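# Notes for the structure review
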Amino acid sequence: MKKSAKDDAENIKKKKAEAAPEADENLPECKDSEKASEDKSSGDDNDKEKAKDGKDSSAELSDMKDRYMRLLAEYDNFRKRTVKERDSLYSDAVIEVAKEWLPVIDNIERAITYAADNDQKISEGIEKILKQAQEVLAKLGIEEILCERGTCFDPNYHAAVAHIEDDDLGEQAVSQVFLKGYRIGERVIRHSLVQTAN
């Protein structure tokens, strides 16, 4: 009996030893199935991340387009502003030159007035100088503000320095021009100094 108990114990050990490798063989399958389920869940996570990345990329692209459009508009405004400033600088430079010329022209006109009584040749010479000076102004785009007796007073172009009552002239009419005015385009370089009536 003792022998059979021993035999039984050995049989049990053998069965356990045989069963152990089978369990080990089943174990990797278990691990593989766990790994597969982990891969599946990580695959779902990757799909979610890809979708999220797609949305992020779309938002980033939209943001970049918006930045580009703003930059383009800003550049266009800068270009227009630069052109306007350049034109203004040119106009300002011409005005400064014209201001220097105007007293010369005024003196030439006065000389013509007084020389006409004294000597005809002096008067002709000064008239040629005046014509030349006026041509220079015309080349610069400067023109005289037309104003004569009877012209309606316009504060945009005229500066009233005196006032009289005259029945021959209408209300707010120019009665006398003391100093001619000049302009470049619509910008006034110097207002005409005038006397107004009524």
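In this text, all values refer to a predicted model and were calculated from it rather than measured experimentally.

Here we take up the overall build of the protein chain. When you go through the protein chain residue by residue, the secondary structure sums to 2 helices and 6 strands. In the protein chain, buried positions account for 19% of the 198 residues. Taking as baseline every contact in the protein chain between residues at least 6 positions apart, the subset at least 24 positions apart corresponds to 61%. When the accessible surface of the protein chain is totalled, it reaches about 15,500 Å², and 53% of it is carbon and sulfur.

Another point: the environment of V194. Relative to the helices and strands, V194 is located in strand β6 (residues 192-197). For the pair V194 and G181, spaced 13 residues apart in sequence, the C-alpha separation works out to 9.6 Å. Contacts of V194, omitting those with residues within four sequence positions, involve C147, F153, H158, A159, A160, V161, A162, V174, Q176, V177 and F178.

The next subject is helix α2 (residues 120-139). Along its 20 residues, α2 runs 29 Å from first to last C-alpha, staying within 8% of the 28 Å computed at 1.5 Å per residue. Every buried residue belonging to α2 is among S123, I126, L130, A133 and L137, and all of these are buried. Along the long axis of α2, the arc covered by the buried residues comes to 90°, so they all point the same way. Looking at α2, the residues exposed on the side facing more than 90 degrees away from the buried face are Q120, K121, K128, K131, Q132, A138 and K139. Just downstream of α2, G141 is the residue with a positive phi angle, here 85°.

As a further point, take the pairing of strand β5 (residues 187-190). Bridge analysis of strand β4 (residues 181-184) against β5 gives 3 bridges, and the strand direction is antiparallel. Within β5, the position partnered with R183 by the bridge is V188. Connecting β4 to the antiparallel partner β5 that follows it, the hairpin turn spans 2 residues, and G185 within it adopts a positive phi of roughly 65°.

Within a regular strand, the side chains alternate between the two sheet faces. Counting buried positions along β6 gives 5 out of 6 residues, so the element sits mostly inside the fold. Relative to β6, strand β2 (residues 158-164) is paired through 6 bridges, and the arrangement is parallel. Among the inter-strand pairings, I164 is bridged to a residue of β6, identified as A197. Summarising the sheet, strand β3 (residues 173-179) and β6 pair through 5 bridges and their orientation is antiparallel. Note on β6: the bridge partner recorded for Q176 is Q195.

The next subject is the pattern of salt bridges. Across all of its chains, the model carries 10 salt bridges by this definition. Measuring nitrogen to oxygen at the nearest pair gives 3.1 Å for the salt bridge that ties R187 to D92. Linking R187 in strand β5 with D92 in helix α1 (residues 2-118), this pair joins segments that are 95 residues apart in sequence. Under the relative-accessibility criterion, R187 is labelled partly exposed at 39%.

Definitions and limits used
- Residues numbered from 1 in each chain as written.
- Predicted model: local features only at pLDDT ≥ 70, side-chain atom pairs only at ≥ 80, totals over all residues.
- Heavy atoms only, no water.
- Helix = DSSP H or I, 4+ residues; strand = E, 2+ residues; numbered from the N terminus.
- Buried < 20%, exposed > 50% of the residue type's maximum accessible area, 1.4 Å probe, protein only.
- Contact = heavy atoms within 4.5 Å.
- Areas by Shrake-Rupley, 256 points an atom, 1.4 Å probe, with all protein chains shown as cover.
- Expected span 1.5 Å × (residues − 1).
- Arc of directions from axis to C-beta.
- Pairing = 2+ DSSP bridges.
- Salt bridge = Lys/Arg side-chain N within 4 Å of Asp/Glu carboxyl O.

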